[in-house]
Amino acid sequence: MPDQVHSIESDASALVENGPSDGTHFSPRGKPVILGINGIGLWSLYIKEVRRFLKVQTQTVWAPAVTTLLFLVIFTVAMGRSDRMILGVNFATFVAPGLIVMGMMQNSFANSSFSLLAGKIQGTIIDLLMPPLSYGELMGGIVAAAVTRAVLVGMAVGLAMAFYPGVSLAMAHPWAVIWFGLMGAVMLALLGLVTSIWAEKFDHAAAVTNFVIAPLSLLSGTFYVISNLAPHFQMISRANPFFYVISGFRFGFLGESDIGNTNTAVFHSAIGLGIFNVVLALIVYAILRSGWKLKS
């Protein structure tokens, strides 16, 4: 019996070192098999996250469109008199772009803030941490899925508003619509991922949504231009990154913005927003790589 055990161990060692007898070979121990980007794993994670929110698309895509349209109805009826003009357009046309990108950002945050948190609560977080995915790939898959949801919500909201009387969604600068829309979605996806790492229950994520994301969204010039505010509050508004997303996105439709008096100011804001997202992504990557509240 000991001779048989020794023979089995010898055969196993030879199989690892030399490969099986059919000519195929295994990689040496400790040597990575997947080099570069794990495209299949990244795509699989992305599809998993997209399918998760598409299974309940009535709640995740179409419900935000209805809610945002109700915002438009309420504020145009209460504040949008037919003779009221802001930035050269009627109030409904002025407020519509801000509501579209606000819905995009909030849903991007909602999607990414659920991913890791649900795994921690359900005990399935190992399904995301064990696959051969780097931390960058894990972050990229979750953020890309959140941005996908944001784009779908933006299209649904825009479609609903296109049929609302008095709203014009003609684009003066399509590049600004695309850039600020994507940058806003990426920013909130990254913030949602940090929230998902930090939170230990759904109440924590809801608290961030109610006390941080919602106030920053509503107090960022969605329903007004900041020139109507006192100088002190104008300074506070300009410190809010949500303001640049909403005003830049609105600039793409109207060709006018309260960021500055020139198009150069909007262009500088676009560059600044991109740099802000790069720094934020590096911070999120460092937190994710540290394993904080994920591996304990």
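To keep things clear, this report deals only with the structure shown in the data block. From a predicted model like this one, the values you see are computed outputs, not experimental measurements.

The rules we used
- Residues numbered from 1 in each chain as written.
- Predicted model: local features only at pLDDT ≥ 70, side-chain atom pairs only at ≥ 80, totals over all residues.
- Heavy atoms only, no water.
- Helix = DSSP H or I, 4+ residues; strand = E, 2+ residues; numbered from the N terminus.
- Buried < 20%, exposed > 50% of the residue type's maximum accessible area, 1.4 Å probe, protein only.
- Contact = heavy atoms within 4.5 Å.
- Phe/Tyr/Trp six-rings, centres within 6.5 Å; stacked < 30°, edge-to-face > 60°.
- Lys NZ or Arg CZ within 6 Å of the ring centre and 35° of its normal.
- Axes fitted to C-alpha atoms, helices over the stretch in contact; angles between N-to-C directions.
- Parallel < 35°, antiparallel > 145°, perpendicular 65-115°, else oblique.
- Left-handed = near helix turned anticlockwise from the far one by under 90°.
- Nonpolar A, V, L, I, M, F, W, Y, C, P; charged D, E, K, R; others polar.
- Core = buried A, V, L, I, M, F, W, Y, C linked by side-chain atoms within 4.5 Å.
- Lys, Arg positive; Asp, Glu negative; His and termini not counted.
- Salt bridge = Lys/Arg side-chain N within 4 Å of Asp/Glu carboxyl O.
- Polar contact = N/O pair within 3.5 Å; in protein donor to acceptor, adjacent residues only side chain to side chain.

### Observations regarding the overall build of the chain
Counting secondary structure elements, the chain contains 11 helices and two strands. Starting at the N terminus and walking to the C terminus, you meet the elements of the chain as α-α-α-β-β-α-α-α-α-α-α-α-α. When burial is assessed residue by residue, the chain has 42% of its 296 residues classed as buried. Put simply, of all contacts in the chain between residues at least 6 apart along the chain, 80% involve residues at least 24 apart.

### As for the packing of aromatic side chains
Within the structure shown, the criterion is met by eight aromatic pairs. Aromatic pair Trp43 and Tyr46: ring centres 5.5 Å apart, planes at 35°, arrangement tilted. Pair noted here: Trp43 and Tyr46 are both in helix H2 (residues 39-54), with a separation of three residues, about one helical turn. When the ring of Trp175 is compared with that of Phe180, the centres are 6.4 Å apart and the planes differ by 45°; the resulting orientation is tilted. Here Phe180 falls in the buried class, since its relative accessible area comes to 0%. Taken together through their ring pairs, the aromatic side chains of Trp175, Phe180 and Phe267 make up a single cluster. Geometry around Phe94 places Arg250 over its ring, the cationic atom sitting 4.0 Å from the centre.

### Comments concerning the packing of helix H4 (residues 91-122) against helix H8 (residues 202-218)
Packed helices, taken two at a time, are described by the angle between their axes plus the distance between the axes. For the pair H4 and H8, the least separation of the axes is 11 Å and the interaxial angle reads 165°. By the angle between their directions, the pair H4 and H8 is classed as roughly antiparallel. The hand of the H4/H8 crossing is right-handed. In this structure, H4 uses Met102, Gln106, Phe109, Phe114, Leu117, Ala118 and Ile121 to contact H8, whose residues at the interface are Phe202, Ala205, Val208, Thr209, Ile213, Ala214, Ser217 and Leu218. Along the lines of polarity and charge, the residues of the contact of H4 with H8 split into 12 nonpolar, three polar and no charged.

### A short note on the nonpolar core
The biggest cluster of nonpolar side chains holds 73 residues, and the ones touching the most others in it are Phe94, Leu116, Met161, Met187 and Phe249. Among the elements of the structure, H2, helix H3 (57-79), H4, helix H6 (135-162), helix H7 (174-198), H8, helix H10 (241-254) and helix H11 (263-290) are those that each provide at least two residues to this core. Setting aside residues no more than four positions away along its own chain, Phe94 makes contact with Ile86, Leu87, Val89, Gly221, Thr222, Phe223, Tyr224, Val225, Arg250 and Leu254.

### Concerning the packing of H7 against H8
Between H7 and H8, the least distance of the axes is 9 Å, while the angle of their chain directions is 140°. Put simply, H7 runs oblique to H8. In terms of crossing hand, the pair formed by H7 and H8 is right-handed. Contacts from Leu188, Thr195 and Trp198 in H7 reach His204, Ala205, Val208 and Ile213 in H8. Its residues assigned to classes, the contact of H7 with H8 shows five nonpolar, two polar and no charged.

### Thoughts on the side chain of Asp258
Note on placement: Asp258 falls in the loop between H10 and H11. Despite its burial, Asp258 pairs with no opposite charge; the closest candidate is Arg250, at 4.6 Å N-O. Only 3.2 Å separates the side chain of Asp258 from the backbone nitrogen of Ile226, close enough to count as a polar contact. In terms of polar contacts, Asp258 uses its side chain to reach the side chain of Ser247, at 2.9 Å. In contact with Asp258, other than residues within four places in its own chain, are Tyr224, Val225, Ile226, Arg238, Phe243 and Ser247.

### Some points on the environment of Gly39
Within the fold, Gly39 resides in helix H2. The class of Gly39 is partly exposed, set by a relative accessible area of 41%. Sequence separation of Gly39 and Glu137 is 98 residues, and the distance between their C-alpha atoms is 8.8 Å.

### Quick look at the pattern of salt bridges
Taken as a whole, this structure holds three salt bridges when the rule is applied. Residue Glu49 is joined to Lys48 by a salt bridge in which the shortest nitrogen-to-oxygen separation is 3.2 Å. Here Glu49 falls in the buried class, since its relative accessible area comes to 1%. A salt bridge links Lys293 to Glu200; the nearest nitrogen and oxygen atoms lie 3.4 Å apart. Taken together, the residues span a long stretch of sequence, with Lys293 in the segment after H11 and Glu200 in the loop between H7 and H8 at a distance of 93 residues. Look at Lys293 and you get partly exposed, because its relative accessible area is 26%. Take Glu200: its relative accessible area is 54%, and that puts it in the exposed class. Among the ionic contacts, a cluster of salt bridges with common partners joins Lys48, Glu49 and Arg52.

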